[in-house]
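# Commentary on secondary and tertiary structure
Okay, here's what each chain looks like letter by letter:
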Amino acid sequence: MNDAPLRDPAVHIAGAQELAPGLLVVPDRGIPLVPNIGIIGGTQAVLVVDTGMGTANAEQVLALAHEVARGRRLYLTSTHFHPEHAFGSHVFAGHATYLVNRAQAQDLAAKGQGYLEMFRSFGSPVADRLDSDVRVPTPDVVYDGVHELDLGGRTVLLRPTGQGHTKGDQVVEVPDAGALFTGDLAETAQFAIFPWFPPHDTDVSGIRWLAVMEQLAAAGHKTIIPGHGTVGGPQVLADIRDYLRELRDETWRRKDSAMSESEITSEVRALLIERHPQWTGREWIEKGVSCLCAEHTR
C-alpha cells in the first residue's frame, strides 16, 4: 500500500448498474479497497460475487440481493480471499450458500487471519470497516475444478485459474451474457496489484499471472468486470496481459545484464510510468519488479 490516507472503503449500492437482464454490478466508484460487486440472477436462484469489506458493507449487499431475489435461493462466491472481496461473507451466513474453489479455501484458512490483522493496521477508515464482528470466512461448499452453478435458465461457471494474483484466484463467467468477473487478476487503468510481501506472503506469481491473462484474453469474453475500475470490453484483459508482459520483459532484460534490483526497479518504474502516465497504483510497480526478479531464477 502507499502512504496516502485511505478513504472510507464504503460500498454504495445505490449505484448498481444492470449490464444485461438479471446481471447487476455495484461499481466501486473509484474508491480504493472497494471491489466491483456482482449480482447474477436466474429463475430459481441469485449469485452474489464478492461482498465488500466488513459487516456494514456486506449488509447493504445482502439487502440488495434479497431485493433482487424476491424469495429465490441465494448463493455467494468470492473471486479470491483478500478482505475487500471476501471479508463480509459472515453476514451471509444463514441467508446464502457460500461456495469457493479449494485453493481459495486454503488461502482463507492459512492466511486470512494475517490479512485481517494487516488490513486493520491501514488506519481508522479500514479498521472501522473491519470491526470486531468480522471474522475469517468459512465456506459452505468447496469444489475442485470448474463449478457449474445452475441458477435456473442461466448457468454460471466458477472457474479457478491457478496461481496468479493469489494462489486461489477464480473468475466467474456468465456465458449467456458474455460477461466475466475477474477479481484482481484485472483492473482498469491501474498497474497490476502484486501482493508481494516477503517473507510473509510470496504467493503472487507474475509468470503464472501472465499465462492466465493470455488464456482469458483469448477466450472471447465481451463484457469484463474487473476487480477494481470501470467495466469494459476485451481490451481490459488485453491491457493487463500486455502490461504483465512488458513488466516481465523489462525486468528480466535488466536482470540478465546483472543490474541490482534497486537499479532495475528505478529504471522499470520510470519507464512504465512514462508509458502509462494516467494509470493509478504506481506503488505496485516495485512489488511487481521484486516478484519477477525472484521468479527469474526459478
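The structure displayed is predicted, hence computed values, not measured ones.

### Here's the deal with the overall build of the protein
Broken down by element type, the protein carries eight helices and 12 strands. Relative to the compact-globule value of 19 Å for 298 residues, the protein shows a C-alpha radius of gyration of 19 Å, a close match. With respect to the three principal axes, the spread of C-alpha positions in the protein is 60 × 40 × 35 Å. Out of the 298 residues belonging to the protein, those deemed buried represent 56%.

### A word on the side chain of Arg129
Structurally, Arg129 is set in helix α4 (residues 124-129). Only 3.3 Å separates the side chain of Arg129 from the side chain of Asn57, close enough to count as a polar contact. Once residues within four sequence positions are removed from consideration, Arg129 is found in contact with Asp8, Pro9, Ala10, Met53, Gly54, Thr55, Ala56, Asn57 and Val134.

### Structural notes on the sheet that holds strand β4 (residues 45-49)
If you walk across this open sheet you meet the seven strands as β1-β2-β3-β4-β5-β6-β7, and the pairing is mixed. The two strands at the open ends of the sheet, each matched to only one other strand, are β1 (17-20) and β7 (141-143). The sheet shows a mean angle of 25° between the axes of neighbouring strands, taken without regard to direction. Here strand β3 (residues 37-41) pairs with β4 via four bridges, running antiparallel. Residue Gly38 lies in a different strand from β4, and its bridge partner there is Val49. With respect to the sheet, helix α3 (residues 102-120) is in contact with β6 (97-101) and β7, its orientation differing from that of β6 by roughly 100°.

### As for the pairing of β3
Most of β3 is tucked away, with five of its five residues classed as buried. Pairing of strand β2 (residues 23-26) with β3, which is carried by four bridges, proceeds in the antiparallel orientation. Note on β3: the bridge partner recorded for Val26 is Ile37. The hairpin formed by β3 and β4 contains three residues between the paired strands.

Calculation notes
Residues numbered from 1 in each chain as written. Predicted model: local features only at pLDDT ≥ 70, side-chain atom pairs only at ≥ 80, totals over all residues. Heavy atoms only, no water. Helix = DSSP H or I, 4+ residues; strand = E, 2+ residues; numbered from the N terminus. Rg over C-alpha atoms; globule rule 2.2 N^0.38 Å. Buried < 20%, exposed > 50% of the residue type's maximum accessible area, 1.4 Å probe, protein only. Polar contact = N/O pair within 3.5 Å; in protein donor to acceptor, adjacent residues only side chain to side chain. Contact = heavy atoms within 4.5 Å. Pairing = 2+ DSSP bridges. Axes fitted to C-alpha atoms, helices over the stretch in contact; angles between N-to-C directions.

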